[in-house]
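Results of the structural survey
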Amino acid sequence: MSHRLETADHIVILGYFALLTLIGLYFWRRVRHTRDLFAAGGNVPWWLTGISFYLTGFSAFSFVAYSEMAYRYGLVALTLAWSAAAAMLAGTIFLATRWQRARIVSPVEFLEACFNPALRQILVWTGIPLKVIYDGLKIYATGIFVSVGLGYDLRTSILVTGLVMLLYTFMGGLWAVMVTDYVQFIVLTLGVVVLFPLVFSRLGGFDALFQGVPADFGAPVGGPITPLYVFAFYLLVMLSYNGNWAYAQRFYSVRDEREARKAGLLAVAFKLAGPPLFILPAIAARTLMPELMVPPNTPQYTYAALALEFLPAGLMGLMIAAMFSATMSTLSADYNVMASVITEDVYRRLIDPGATQRRLVFVG
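So, here's what we can say about the structure. Throughout this description, residue numbers start from 1 for each chain and increase along the sequence as written. Under the rules for a predicted model, residues below a pLDDT of 70 receive no local features and side-chain atom pairs below 80 are neither given nor counted, while totals for whole chains, interfaces and linings still include all residues. Computation of side-chain values covers all heavy atoms of the structure but excludes hydrogens and water.

Here the focus is the nonpolar core. We define the nonpolar core as a collection of buried residues of types Ala, Val, Leu, Ile, Met, Phe, Trp, Tyr and Cys that are connected through side-chain atoms lying within 4.5 Å of one another. Buried, partly exposed and exposed residues are distinguished by accessible area as a fraction of the type maximum, computed with a 1.4 Å probe on protein chains only: under 20%, between the cut-offs, and over 50%, respectively. One finds Leu195, Ile279, Tyr303 and Leu306 to be the most contacted residues of the largest nonpolar core, which totals 78 residues. Labels follow the DSSP assignment, with helices taken as runs of H or I lasting at least four residues and strands as runs of E lasting at least two, numbered in each case from the N terminus. If you tally residues by element for this core, the top one is helix α11 (residues 173–203), at eleven residues. Of all hydrophobic cores here, the second largest spans 17 residues; its members include Val44, Leu111, Trp245 and Ala333.

Below, the structure is given as structure tokens:
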């Protein structure tokens, strides 16, 4: 697949990373307590938390997986993507105030008080390996996009992407994560909103979206995706989202219970409005780019291929930055909350119960 990244694109990407680094450095010196590092002191405004909540559940994996599904099977990809909104709504209604009321630093910290020390440690030692694997999939998805956009081989793209995200995670604590999420939200929204009309202008409007594609492309359930599959998928996402440490962290990082609910509802609104903006262009790609079904091409490249085809110089760099944005927000949140679990539930609980705050921040 051809690629055409120009000087303007590289300038946009480098400028974007420089900005994120400066934000991390700004908050680096302001972390004095583990609650600052892992809960932002419980003082994050609800609107910033809501944006971060939305971005935390959105990564390049969403672009790659749902875009491929939309290209192959049509509108059912949107049906599955909206499962996140349903899960967030349930979590906001039933769990937001409880998480906020807990006043904790680690999401598994309360288990010992409610149940016993063994359950707390079981969740720690089983949860962290699973999150490492899950986050590895997100780095892989970002590597695919970077590989197509920059022309690097896939392994190099994965390695560089992982190292950049790991470096970023060490700076600034949860405040830096939240503020960079806001910057990443702006970049991601710009990239997606610019591409959307360009694709449909070439397609000839929404009326042509389902012309020349399989008959069930416009159905909410179609292809190999059955109603039973949709039900099971929604149930799985419901349990996954509301057991996710990073999402719980968003609820207890705000000032009070009312703000926790408002943050959750804002994230739900974004989860409803966001998926159509990148899934509908991926459906259009089935008509505009039929060659993606022919090896060595693959529908995994759908959204990257659309960006390369339709975005002018500079904006392709913006879209690659947006892919980094989506994944970095998720990974920085996951790595921060995993660090909180290792610090509070392993190091402080099992190794050094009398550790000072300075040492705990260092360990974190």
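Moving on: the packing of aromatic side chains. Pairing of aromatic rings covers Phe, Tyr and Trp, the last through its six-membered ring, and needs centres within 6.5 Å; plane angles under 30 degrees mean stacked, over 60 mean edge-to-face, and all others mean tilted. Applying the stated criterion across every chain yields a total of 13 aromatic pairs. An aromatic cluster is built from Phe53, Tyr241, Tyr247 and Phe251, whose rings are joined through pairwise contacts.

Residue position: Gln121 is located in helix α9 (residues 117–150). Aside from chain neighbours lying at most four places away, what touches Gln121 is Asp345, Arg349 and Leu350. Contacts are assigned to residue pairs that have any heavy atoms within 4.5 Å of one another.

As a further point, take the layout of surface pockets. Each pocket or cavity is described by its volume, and for the largest pocket that value is around 1100 Å³. Here a cavity means grid points, on a 1 Å grid over the protein atoms only, where a 1.4 Å probe fits yet cannot get out; a pocket means an open set of points with protein on both sides within 12 Å along at least five of seven lines; lining residues are those with an atom within 4 Å of a point. Taken together, 44 residues line the largest pocket, and the ones lying closest to its centre are Tyr134, Ser240, Tyr241, Asn244 and Tyr247. Breaking the lining of the largest pocket down by element, the ones donating at least two residues are α4 (60–73), α6 (83–94), α8 (110–114), α9, α12 (227–242), α13 (245–251), α15 (275–288) and α17 (315–351). Here the residues of the lining of the largest pocket are counted per class, giving 29 nonpolar, eleven polar and four charged. Grid points are joined across faces, edges and corners, and a volume is the space filled by probe spheres set on the points. Under the scheme applied, nonpolar residues are Ala, Val, Leu, Ile, Met, Phe, Trp, Tyr, Cys and Pro; charged residues are Asp, Glu, Lys and Arg; polar residues are all the others, including Gly.

What follows covers empty space enclosed by the protein. The full count for this structure, using the stated rule, is two cavities of 30 Å³ or more. The calculated volume of the largest cavity comes to roughly 80 Å³. Taken together, 13 residues make up the lining of the largest cavity; nearest its centre are Phe53, Tyr241, Asn242, Tyr247 and Phe251. Sorting the residues of the lining of the largest cavity by element identifies α6, α12 and α13 as the ones contributing at least two each. Classifying every residue of the lining of the largest cavity gives nine nonpolar, four polar and no charged.

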